[in-house]
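# Structure at a glance
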Amino acid sequence: MTDIDETLDAAGLTNPHVREYVKHWAGVTGAERVEVVNASDDDRLIAEALEAGELLPAGEGRYYSRSYHKDTARAEERTIVATSDEADKGVYNNWRPAAEMTAKLTELMTGASAGKTMYVIPYLMAPKGSPLEKFAAGVELTDNRSVVLQMIRMARVGVDFINDLGDSFVRAVHVTGDLPNLGQGTPDDQRYFVTVADERTILHYGSSYGGNALLGKIAHGLRQGAYDGWKNGFLVEQFMLLGVVDKETGEKYHICGGFPSASGKTNLAMTLAPDALGDRYHVEFYGDDIAWLWVGDDGKLYGMNPENGVFGVAKDTNELTNPTAIDSIVPGTGAIFTNVAYNAKTQEVWWEGRGEKPADLDGWLDWKGEAVADRSPEEADDPWAHPNSRFTTTLDHVPNVAADYEEPAGVEIHGVIFGGRTRDREPLIRAINDVAEGVYDGLTLGAEATAAADGLEGVLRYDPMSMRPFMAYGEGDYAAHWLEVFSRTTTKPIFAHVNWFQRGEDGRFLWPGYRENLRPLVWLMQYKNGEVEGVETPVGVLPKREELLLEGLDEQALADLDTILTIDVERWKQEIGYREEHLNQFDRLPEEIWEAHRRVAAALDAAE
Ligand code: GTP
Ligand code: SPV
Ligand code: MN
């Protein structure tokens, strides 16, 4: 081991608390050397990663990475929130005692980085100068160079972000582990992804993929952030954040909202106005996965995206569904593609839904690195790309990024929406005027379970506010915290529930989705402004058909519209029963939420 103090001195890392922390974990992990990372090191680290074969060239300043084939997604069952107070135990956070988990992870990490470099990544999950800056700083230690390159894209990285912050930074330790020997998914699984929330310490062992390894994103940006927000009066959510600009009036509205993982946040935030509405409206991108929200001194709700980049689902991303995403990963962007298909001869990448499958198989490798030309007939139809393959790019490469996306003051939030994948029952959009009913709606958000085959059709996998995998404390306290934050607002955003995924009897989507999703959002802002009145239903206010901007919608969509602008009262009554069971699991659920539930149930009973 070289002298760590000398390395830290040379890097200008002066914060004594950070130095202490680095030395402690260098000792535990047994790393051979320490290297401090700034964003300006990207070119050199890319060159080293290419040289080492950790990255492959993917055409004109873009790169390809493949993760170990059993390590391609977050592992929720191995993810734990630990604290010293058992009252923090919730239904979803896999709570464990802090002391037990710290001991366990220290044991697993001991000597586990021997022979490797430990990279020190000082980062900020906020624009510099944000009112939440002191909750946003962290230092990730990792023994994996690809993780460093992803972090440089996904967070703001550099020594200057943490030198002046004293002890106010998140300690985030990532050790890759011996990936082929961790028993992933077996009873002998060795992986642990632990956030010790009341010590602001994150200890992740046994993965180099996405939210398991880029600790600024999910572990800090969502789990630790949510816990800090609870204790300090702000909200941290798996939300996208976009702006809708009315070019005629000059008005600009900001809408944030939660959709469970892989349910459309990136696509919505990057959406372009449909052609027929493009002269009037423009959508601006702020964030696609995380929003931190707080109440300003003026009583308005503000929001910001703590991330610096996009880690988006590749599948089905193409010029028609998401042209903005395609433009954000063109040559020269430094984009990294993970677990898509790769052509070793031409350096092209491809994924399902990217366009025609290449007819010439020469050079094409699937996400496991196996030549598709060598596949047996039984394997011929297997996907080339992993369904959770991703692209990484920075916000400044997203063509419709808002001019003020780095404004430390954040932007005023006018609307909060929730949306899941729901094949029936949920209409295109329903506006909710009451805060408690809005919070109740978020708590009962769900995405379709695959349980249909077991006769449980219609039962959702509930995913409160799309935070189920990231919940840091008890759900009842979480609901109370939402109500507390909103009780301090004097100008309130409107809530709404949206659904792009209702299906017809033949299984087709009744709504074309993607760019067309702007139409119900424009209606929501018009409704908030009193320009349209909608139709009252027991579950919220739905648009009248003629209130929606319909020009340019295709025949099929126009024909299907009446179905997705009505509610099925009988299905909703059935849903109320499931919701009751779901909410009953939560300790300390505020009475206001139960009252909202009973109001909706009574309104449904009164409806014919
Ligand atoms: P995470 O990054 O996992 O949190 O996901 P996300 O919520 O950002 O999801 P994303 O936007 O990447 O979409 C996931 C999948 O849903 C992609 O395959 C999209 O093509 C598909 N999708 C997104 N929007 C729509 C839509 O409006 N209609 C339909 N039918 N599919 C959509
Ligand atoms: C999600 O799974 O919701 C993601 C991707 O945004 S990951 O960063 O891997 O968590
Ligand atoms: Mn996500």
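Residues numbered from 1 in each chain as written. Chains lettered and ligands numbered in written order. Predicted model: local features only at pLDDT ≥ 70, side-chain atom pairs only at ≥ 80, totals over all residues. Heavy atoms only, no water.

Once that is clear, we can look at the packing of aromatic side chains. Considering all chains together, one arrives at 23 aromatic pairs under this definition. With a centroid separation of 4.5 Å and an interplanar angle of 5°, the aromatic rings of Y64 and Y342 are classed as stacked. Of the two residues, Y64 is situated in strand β3 (residues 63-65) and Y342 in strand β20 (residues 341-343); the sequence distance between them amounts to 278 residues. Neither residue differs from the other here; Y64 and Y342 are each classed as buried. On the numbers, 6.4 Å between centres and 25° between planes, the contact of W294 with Y302 is stacked. Neither W294 nor Y302 differs from the other in exposure class; each is buried. Among the aromatic residues, ring-to-ring pairing joins F239, F418, W482, F486 and F495 into one connected group. We note K231 situated over the ring of W230; from NZ or CZ to the ring centre the distance is 4.1 Å. (Phe/Tyr/Trp six-rings, centres within 6.5 Å; stacked < 30°, edge-to-face > 60°. Helix = DSSP H or I, 4+ residues; strand = E, 2+ residues; numbered from the N terminus. Buried < 20%, exposed > 50% of the residue type's maximum accessible area, 1.4 Å probe, protein only. Lys NZ or Arg CZ within 6 Å of the ring centre and 35° of its normal.)

Attention now goes to the coordination of the manganese ion (ligand 3). Only Q238 (OE1) and D289 (OD) from the protein coordinate the manganese ion (ligand 3), and they sit 2.1 Å from it. Here D289 lies in the loop between β15 (281-287) and β16 (291-295) and Q238 lies in the loop between β12 (235-237) and β13 (239-246), a separation of 51 residues in the sequence. One exposure class covers both Q238 and D289, and it is buried. (Donors = N, O, S within 2.8 Å, 3.2 Å for Na, K, Ca; no water.)

Each assigned domain of the chain is listed here: domain 1 (4-36 + 77-232) and domain 2 (237-305 + 405-606). The centre of domain 1, based on its C-alpha atoms, is set 33 Å off from the matching centre of domain 2. Across the contact, 30 residues belong to domain 1 and 29 residues belong to domain 2. Approximately 2500 Å² of surface area, both sides summed, lies buried where domain 1 meets domain 2, with 65% of it carried by carbon and sulfur atoms. Sorting the residues of domain 1 by area buried against domain 2 places Y92, L222 and W230 first, and these three jointly supply 30% of that buried surface. At the junction of domain 1 with domain 2, the criterion picks out two salt bridges. In this structure, the connection of domain 1 to domain 2 is made through nine residue pairs in polar contact (both at pLDDT 80 or more). At the level of elements, α5 (133-136) and α8 (216-232) are the ones that each hand at least two residues to the side of domain 1 that touches domain 2. (Domains from an automatic or database assignment. Contact = heavy atoms within 4.5 Å. Buried area = accessible area lost by both parts, 1.4 Å probe. Salt bridge = Lys/Arg side-chain N within 4 Å of Asp/Glu carboxyl O. Polar contact = N/O pair within 3.5 Å; in protein donor to acceptor, adjacent residues only side chain to side chain.)

Below, the discussion takes up the packing of helix α11 (residues 435-443) against helix α16 (residues 591-606). At their nearest, the axes of α11 and α16 sit 9 Å apart, and the two run at 85° to each other. Between α11 and α16, the interaxial angle falls into the category roughly perpendicular. Between α11 and α16, the contacting residues are A436, E437, V439, Y440 and L443 on the first element and E592, I593, A596, H597, R599 and V600 on the second. Class assignment for the residues of the contact of α11 with α16 results in seven nonpolar, one polar and three charged. (Axes fitted to C-alpha atoms, helices over the stretch in contact; angles between N-to-C directions. Parallel < 35°, antiparallel > 145°, perpendicular 65-115°, else oblique. Nonpolar A, V, L, I, M, F, W, Y, C, P; charged D, E, K, R; others polar.)

On to the sheet that holds β16, then. As summarised here, the arrangement of the four strands in space is β12-β16-β17-β24, forming an open sheet in which the pairing is antiparallel. Whereas interior strands pair on both sides, the edge strands pair on one side only; in this sheet they are β12 and β24 (411-412). Taken together, the four bridges between β16 and strand β17 (residues 301-304) define a ladder with antiparallel strand orientation. Residue pairing for β17: W294 is matched across the bridge by Y302. The strands touched by α8 within the sheet are β12 and β16, with β12 carrying the most contacts at an inclination of about 145°. Relative to the sheet, helix α12 (residues 475-487) contacts β12, β16 and β17, its axis offset from that of β12 by approximately 125°. (Pairing = 2+ DSSP bridges.)

Over the atoms a probe the size of a water molecule is rolled, and this reveals where empty space is left. Put simply, the largest pocket is a space of about 1300 Å³. Counting only elements with at least two residues in the lining of the largest pocket, the list comes to α7 (210-213), α8, α9 (265-269), β18 (309-313) and β27 (446-448). Top element by residues in the lining of the largest pocket is α9. It accounts for four residues. Each residue belonging to the lining of the largest pocket can be placed in one class, and the counts come to 19 nonpolar, 16 polar and 15 charged. A domain-level breakdown of the lining of the largest pocket finds at least three residues from each of domain 1 (4-36 + 77-232) and domain 2 (237-305 + 405-606). (1 Å grid on protein atoms, 1.4 Å probe; cavity = no way out; pocket = protein on both sides within 12 Å on 5 of 7 lines; lining within 4 Å. Points joined across faces, edges and corners; volume = space filled by probe spheres on them.)

Another point: unusual backbone geometry. Backbone geometry places E60, a non-glycine residue, at a positive phi of 45°. Its location among the elements puts E60 in the loop between β2 (56-57) and β3. Positive phi, close to 60°, is recorded for A262, a residue that is not glycine. Inspection of the secondary structure puts A262 in the loop between β14 (252-258) and α9.

This part takes up the pattern of salt bridges. For the structure shown, the criterion picks out 51 salt bridges. The shortest N-O distance in the salt bridge between D246 and R280 comes to 2.7 Å. Residue D246 is located in strand β13, and its partner R280 is located in the loop between α9 and β15; the two are separated by 34 residues in the primary sequence. Overall, the relative accessible area of 6% leaves D246 in the buried class. Residue classification places R280 among the partly exposed residues on the basis of a relative accessible area of 27%.

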